[in-house]
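Working through the structure, step by step
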Amino acid sequence: MVLTAETRELEKYIEDIWQFLPIPVCYINAVHLIIAVGANFEKFSGYDSEELVGMELETLFADQQEIKKIEEEILNSGFVSNRVITFITKEKNEVPVLLSATARKDEEDNIFGYFLSMLDITERKQFEQALEESEKRFSAFMETLPHTAFIKTSDHKFLYINNAMKKRFGIEDWIGKTTVDLFPQEIAEKLVKADNKAFIEGYHIDEHIVPDQSGQERTWESHTFRIERENQEPLIGGFSIDITSKRQAEEALRQSENKYHLLFQTSPDL
């Protein structure tokens, strides 16, 4: 086959793309030996091209079972996309990557090689780990909090409640239900009104009398607030403190003061 000037120019163009792709790429043959690598594959792996060419692909990954599953999938379907696996650099550093590969086939549909690319997801993994740790801390804090706490959507559907809220009201099935679904109408209307104020103003404090699971009326100091979310509608968060004893003590003190004030006013003594 005689290569035309246009064909040679096209091949040179493809080679330039291959070498300057911003992610590690390589080409392997049918028995999984590396045939060629892009410049970023050398930089990423720590090996130079002379060391990489002829190397078995499996030796570059930590989980041999997983890489074999990937190879089987390529053999069956012709490609894999965004499979998480751990790459081992020359310095023995383990790097999480997203691996994608496409098989090259001849006219008889036989695989004679594979193009493979990887994307370093170290930062994403670190973010996921930090998020997981943050969620664990949040959960540990909220589940030991002695006050009731919740998170709702803007239309008052519960997304989260803590243990204290379950125990105080004796309701197990909260998630996905609204305030109106779970509380008597008169109480629900007041709670919804407080939520709406918090959603508009950003923060709202109110008092509500709501019966606990035994039916005893309790006075709650409720703090509700808007939770902003990027590119999503804000949520409503809140917590309530049982101030029944405080209000009872204040009422007892008020009655006592009124009693002594009445005695003082009606006493014949100076």
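So, here is what we can say about the structure in this document. Model, not experiment: these values are computed from the prediction. (Residues numbered from 1 in each chain as written. Predicted model: local features only at pLDDT ≥ 70, side-chain atom pairs only at ≥ 80, totals over all residues. Heavy atoms only, no water.)

Looking at the nonpolar core
One finds Phe41, Leu60, Phe61, Leu99 and Met118 to be the most contacted residues of the largest nonpolar core, which totals 27 residues. Elements supplying a minimum of two residues to this core: strand 1 (25-29), strand 2 (34-37), helix 2 (39-45), helix 4 (64-77), strand 3 (79-88), strand 4 (94-105) and strand 5 (111-120). Per-element tally for this core: the top contributor is strand 4, with five residues. Filtering out sequence-adjacent residues up to four positions away, Leu99 remains in contact with Phe61, Ile67, Ile70, Val80, Ser81, Asn82, Arg83, Ile85, Leu116, Ser117 and Met118. Met165, Phe169, Leu191 and Trp220 belong to the second-largest nonpolar core, a separate cluster that totals 15 residues. (Core = buried A, V, L, I, M, F, W, Y, C linked by side-chain atoms within 4.5 Å. Buried < 20%, exposed > 50% of the residue type's maximum accessible area, 1.4 Å probe, protein only. Helix = DSSP H or I, 4+ residues; strand = E, 2+ residues; numbered from the N terminus. Contact = heavy atoms within 4.5 Å.)

Digging into helix 8 (residues 185-201)
An ideal rise of 1.5 Å per residue puts 24 Å on 17 residues; helix 8 measures up with 24 Å between its terminal C-alpha atoms. Within helix 8 the residues assigned to the buried category are Ile187, Ala188, Leu191, Val192, Ala194, Asp195 and Ala198. The buried residues of helix 8 occupy an angular sector of 160° when projected down its axis, which confines them to one face. Opposite the packed face of helix 8, turned more than 90 degrees from it, sit the exposed residues Gln185, Glu186, Lys193, Ile200 and Glu201. In the core, the buried residues of helix 8 are packed alongside strand 6 (148-152), helix 7 (179-182), strand 8 (203-211), strand 9 (217-229) and strand 10 (232-242). Looking one or two places after helix 8, you find Gly202, whose phi comes out positive at around 100°. (Expected span 1.5 Å × (residues − 1). Arc of directions from axis to C-beta.)

Description of the environment of Ile205
Here Ile205 lies in strand 8. In this structure Ile205 comes out as partly exposed when scored by relative accessible area, which is 48%. For the pair Ile205 and Asp195, spaced ten residues apart in the sequence, the C-alpha separation amounts to 9.9 Å. Non-local contacts of Ile205, meaning those with residues more than four positions away in its chain, are made with Glu221, Ser222 and His223.

Looking at the pairing of strand 9
In terms of strand pairing, strand 8 meets strand 9 through nine bridges, oriented antiparallel. Residue pairing across strands places Val210 opposite Arg218, the latter belonging to strand 9. The turn joining strand 8 and strand 9, which pair antiparallel and follow one another in sequence, is formed by five residues; a positive phi near 90° is taken by Gly215. The hairpin turn running from strand 9 into strand 10, its antiparallel successor, is two residues long, and Asn231 in that turn takes a positive phi close to 60°. (Pairing = 2+ DSSP bridges.)

Thoughts on the pattern of salt bridges
What the rule picks out here adds up to 13 salt bridges. For the salt bridge of Lys90 with Glu51, the shortest nitrogen-to-oxygen distance reads 2.8 Å. Taken together, the residues Lys90 in the loop between strand 3 and strand 4 and Glu51 in helix 3 (residues 49-52) connect sequence positions 39 residues apart. On the basis of relative accessible area, Glu51 is assigned to the partly exposed category, the value being 32%. (Salt bridge = Lys/Arg side-chain N within 4 Å of Asp/Glu carboxyl O.)

What to know about the sheet that holds strand 2
Taking strand neighbours across the sheet as the criterion, the five strands line up as 2-1-5-4-3 in an open arrangement whose pairing is antiparallel. The open sheet has two edge strands, strand 2 and strand 3, and neither has a second partner. Pairs of neighbouring strands in the sheet enclose a mean axial angle of 30°, with direction left out of account. The pairing of strand 1 with strand 5 spans five bridges and is classified as antiparallel. (Axes fitted to C-alpha atoms, helices over the stretch in contact; angles between N-to-C directions.)

These values are about where atoms sit, not about what they do.
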